[in-house]
Amino acid sequence: MTKFLGAAALLFALAGCGPIEPRATRALEGEVIDVVATIGMITDAVEHVGGERVRVEGLMGPGIDPHLYKASEGDLRRLERSDVVFYGGLHLEAKMADVLERIGERRATQAVTDAIPRGALLRPAQFKGQHDPHVWFDVTLWKKAVEQVRDRLAELDPTSAEVYRANAAAYLSELQALDAYVHEQVLRVPEGRRVIITAHDAFNYFGVAYGFEVRGLQGISTAAEAGAGDVQSLARFIARNQIPAIFVESSVSSRTIEAVREAVRARGFDVEIGGSLFSDAMGNPGTPEGSYVGMVRHNVDTIVAGLRG
Ligand SMILES: [Zn+2]
């Protein structure tokens, strides 16, 4: 396969001349279902809900930024072989939109955010009328995404519907406990200090759900570069309000946050880098942060420790 083939041409080539019958349009009863998921949090949800009925391949590993991620040729082959593709939607996988649309013509695809009522979605001014895709940091909203995975798997594989329901129920109760943990922990931060400052606006849902003001430097997508004026106005805000800590993100360069810290210092106030938050990607497999539950716990623990000073 020549590397000069674009994604569209490659998909066509892989598809051959005639349409392939999507495996997902026939019954999948008894067969292990091949799932492709985009971000790690979705991969994790599918593994929990699907259990032994599914074989899941996640496209985006630790440290990968979904806003900028482009499907590789290997990814395209994985997508072509899959029975169902789960993705975030709401323009999260912005550079994969064409690929997902084309795959959707021949394969079952599902945006996990489809089941979230539109009224529950945020539409920040800086995202130009589009919804904020970072729903996973409101654990209650993420439960809807898990339910969407459960319902789609049950639809594709009805004879195992009971298995998916039982697996999902167990995971959803874990998420319920996680939500309670976050609510309980944030109370340890003095009210006037409940401000999260990071490189990009991934934490708006966290802010609304758990009572924090959120300021990001690059906006909703990492594709936009922060300007010098943004750095200065954020530095002014931090110095004026004596915010003890700001945070770097595992999937975004720390350069901009370091610039903010320097600008705050120039104003005679010292702000700590409160640690690294997992925003759009989970931690390494096998570590606690390599799971959705562990990543959320890590974030809240890091935020609480940083802002208590
Ligand atoms: Zn993001």
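Scoring rules and cut-offs
- Residues numbered from 1 in each chain as written.
- Predicted model: local features only at pLDDT ≥ 70, side-chain atom pairs only at ≥ 80, totals over all residues.
- Heavy atoms only, no water.
- Donors = N, O, S within 2.8 Å, 3.2 Å for Na, K, Ca; no water.
- Tetrahedral: all angles 85-135°; square planar, octahedral: opposite > 155°, others 65-115°.
- Helix = DSSP H or I, 4+ residues; strand = E, 2+ residues; numbered from the N terminus.
- Buried < 20%, exposed > 50% of the residue type's maximum accessible area, 1.4 Å probe, protein only.
- Phe/Tyr/Trp six-rings, centres within 6.5 Å; stacked < 30°, edge-to-face > 60°.
- Lys NZ or Arg CZ within 6 Å of the ring centre and 35° of its normal.
- Expected span 1.5 Å × (residues − 1).
- Polar contact = N/O pair within 3.5 Å; in protein donor to acceptor, adjacent residues only side chain to side chain.
- Core = buried A, V, L, I, M, F, W, Y, C linked by side-chain atoms within 4.5 Å.
- Contact = heavy atoms within 4.5 Å.

1. What about the coordination of the zinc ion?
So, point 1. Distances from the zinc ion to its protein donors, H67 (NE2), H134 (NE2), H200 (NE2) and D280 (OD), fall at 1.9 to 2.1 Å.
So, point 2. If you look at the zinc ion, its 4 donor atoms make angles of 94 to 123° with each other, and the shape they trace is tetrahedral.
So, point 3. We note that the donor set of the zinc ion lies within a single chain, spaced as H-x66-H-x65-H-x79-D. Of the two residues, H134 is situated in the loop between β4 (108-111) and α5 (139-156) and H200 in the loop between β5 (195-198) and α7 (204-210); the sequence distance between them amounts to 66 residues. Take H134 and H200: they sit in the same class, and that class is buried.

2. Side note on the packing of aromatic side chains
So, point 1. Within the structure shown, the criterion is met by 6 aromatic pairs.
So, point 2. These aromatic residues form a ring-pair network of at least three members: W136, F137, W142, F203 and Y292.
So, point 3. Over the face of the ring belonging to F237 we find R215, whose NZ or CZ atom lies 3.7 Å from the ring centre.
So, point 4. The aromatic ring of Y181 is capped on one face by R297, whose charged end is 3.9 Å from the ring centroid.

3. Section: α5
So, point 1. Compared with the 26 Å implied by 1.5 Å per residue over 18 residues, the 26 Å span of α5 between its first and last C-alpha is a close match.
So, point 2. Along α5, the residues classified as buried are V139, L141, W142, K143, A145, V146, Q148, V149, R152, L153, A154 and L156.
So, point 3. A side-chain oxygen of the first residue of α5 lies 3.0 Å from the backbone nitrogen of T140; this N-cap is D138.

4. What about the nonpolar core?
So, point 1. With 95 residues, the main nonpolar core has W136, W142, F206, I238 and Y292 as its most contacted residues.
So, point 2. If we skip the residues at most four places from it in the chain, W142 touches M41, I42, V112, V135, W136, L175 and Y292.

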